[in-house]
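Read off the chains here:
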Amino acid sequence: AVPPATPRYRTQPPPPISIRYVMQRGNLSGTGSFAWRVTGDRYELRLEGSVVGIPVITQVSTGAFDAAGLAPERFTDQRLRRGTKATNFQRGAGKITFSGPSEEFMLREGTQDRLSWMVQLASVLAAEPSMRKVGAKVAMNVVGSNADLSLWSFECVAHETIDTGAGSVKALKFVREPREPYDTQVQVWVDPARHFLPVRASQRSGSGDEPFELRLQSAESTS
């Protein structure tokens, strides 16, 4: 399968940071941690969520950087009572493969996984001021561990002040509208004062799905 080509944006990745979130899905609530680390020309991004101390989600994206920004090499996704699934970005072979499904995709420049898109979006917004205006769109291919690859186009729809556990934040709101009935809908509020990283994010698949939501609790720069 050949994904669509997307624009190449200038990027400015954020410095290392650790963010704590309140995590919610339906009536279940818990805590989430988001850790972004950079070592030389390599990065590691980790999202962990737990409910009453029980881990329910662990996602890890590792890779490097190229002319298009983040260049993921491996993405793993582990959920409660399920095995770990992996997405492999085989850059030498120019393809994306999976630990489970036999499908393969051509590896387009700028393609992100289901976690790295958050930092890629932040990197584009930091380097491209024109993308911060209402009506601006940032497009990238995003792939998950179930061999689900599609074009995600984020449109800036508003500048909003939202309440968080760390106080009021003047945020930019971006929306990714679904292209198909069970496609992923995304709403994300990014904070210019925190390197355009999400202070709130919501995802759901289809109108009947309960949103998975993250809300900022605290953020701390790390080395």
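Our subject in this report is the structure included herewith. (Residues numbered from 1 in each chain as written. Predicted model: local features only at pLDDT ≥ 70, side-chain atom pairs only at ≥ 80, totals over all residues. Heavy atoms only, no water.)

**Examining the layout of surface pockets**
Unoccupied space between atoms shows up once a probe the size of one water molecule is rolled over them.
And then number 1: In this model, the largest pocket occupies a volume close to 910 Å³.
And then number 2: Around the largest pocket sit 32 residues that line it, and Arg25, Ile57, Gln59, Asp77 and Arg79 are the ones nearest its centre.
And then number 3: Looking at the lining of the largest pocket, the elements that each hand over two or more residues are strand S1 (17-25), strand S3 (42-51), strand S4 (54-66), strand S5 (69-79), strand S14 (197-205) and strand S15 (212-221).
And then number 4: Counting residues per element, the lining of the largest pocket draws most heavily on S5, which supplies 4 residues.
And then number 5: Classifying every residue of the lining of the largest pocket by side-chain character gives 12 nonpolar, 10 polar and 10 charged. (1 Å grid on protein atoms, 1.4 Å probe; cavity = no way out; pocket = protein on both sides within 12 Å on 5 of 7 lines; lining within 4 Å. Points joined across faces, edges and corners; volume = space filled by probe spheres on them. Helix = DSSP H or I, 4+ residues; strand = E, 2+ residues; numbered from the N terminus. Nonpolar A, V, L, I, M, F, W, Y, C, P; charged D, E, K, R; others polar.)

**Brief notes about the side chain of Asp113**
And then number 1: With respect to the secondary-structure elements, Asp113 resides in strand S9 (residues 112-113).
And then number 2: Despite being buried, Asp113 has no salt bridge partner; Arg91 is the closest side chain of opposite charge, sitting 8.1 Å away.
And then number 3: A distance of 2.6 Å separates a polar side-chain atom of Asp113 from the backbone nitrogen of Ser116.
And then number 4: Sequence-distant contacts of Asp113, defined by excluding residues within four places in its chain, comprise Tyr43, Ser61, Pro72, Phe75, Phe89, Val142 and Val143. (Buried < 20%, exposed > 50% of the residue type's maximum accessible area, 1.4 Å probe, protein only. Lys, Arg positive; Asp, Glu negative; His and termini not counted. Salt bridge = Lys/Arg side-chain N within 4 Å of Asp/Glu carboxyl O. Polar contact = N/O pair within 3.5 Å; in protein donor to acceptor, adjacent residues only side chain to side chain. Contact = heavy atoms within 4.5 Å.)

**Some thoughts on unusual backbone geometry**
And then number 1: The backbone of Arg81 shows a phi angle near 65°, a positive value even though the residue is not glycine.
And then number 2: Mapped onto the elements of the fold, Arg81 is located in the loop between S5 and strand S6 (85-90).
And then number 3: When its relative accessible area of 77% is taken as the criterion, Arg81 is described as exposed.
And then number 4: The phi angle at Ala147 is positive, at roughly 60°, despite the residue not being glycine.

**Topic: the nonpolar core**
And then number 1: Ranked by internal contacts, the top residues of the largest apolar core, which has 54 residues, are Phe34, Trp117 and Phe154.
And then number 2: With 7 residues, helix H1 (residues 117-127) is the single largest residue contributor to this core.
And then number 3: Contact partners of Phe34, with chain neighbours within four places excluded, come to Ile17, Ser18, Ile19, Tyr21, Leu45, Arg46, Leu47, Leu115, Met118, Val119 and Leu197. (Core = buried A, V, L, I, M, F, W, Y, C linked by side-chain atoms within 4.5 Å.)

**Points about the packing of aromatic side chains**
And then number 1: Summed over the entire model, instances satisfying the criterion amount to 8 aromatic pairs.
And then number 2: An aromatic cluster of at least three residues, connected via ring pairs, comprises Trp36, Tyr43 and Phe65. (Phe/Tyr/Trp six-rings, centres within 6.5 Å; stacked < 30°, edge-to-face > 60°.)

**A word on the environment of Glu44**
And then number 1: Locating Glu44 in the fold gives a position in strand S3.
And then number 2: Taking the C-alpha atoms as reference points, Glu44 and Cys156, separated by 112 residues in sequence, lie 27 Å from one another.
And then number 3: Not counting the four nearest positions on each side in its chain, Glu44 is found in contact with Ala35, Trp36, Arg37, Val60, Ser61 and Thr62.

The quantities given are spatial measurements derived from coordinates; they are silent on function.
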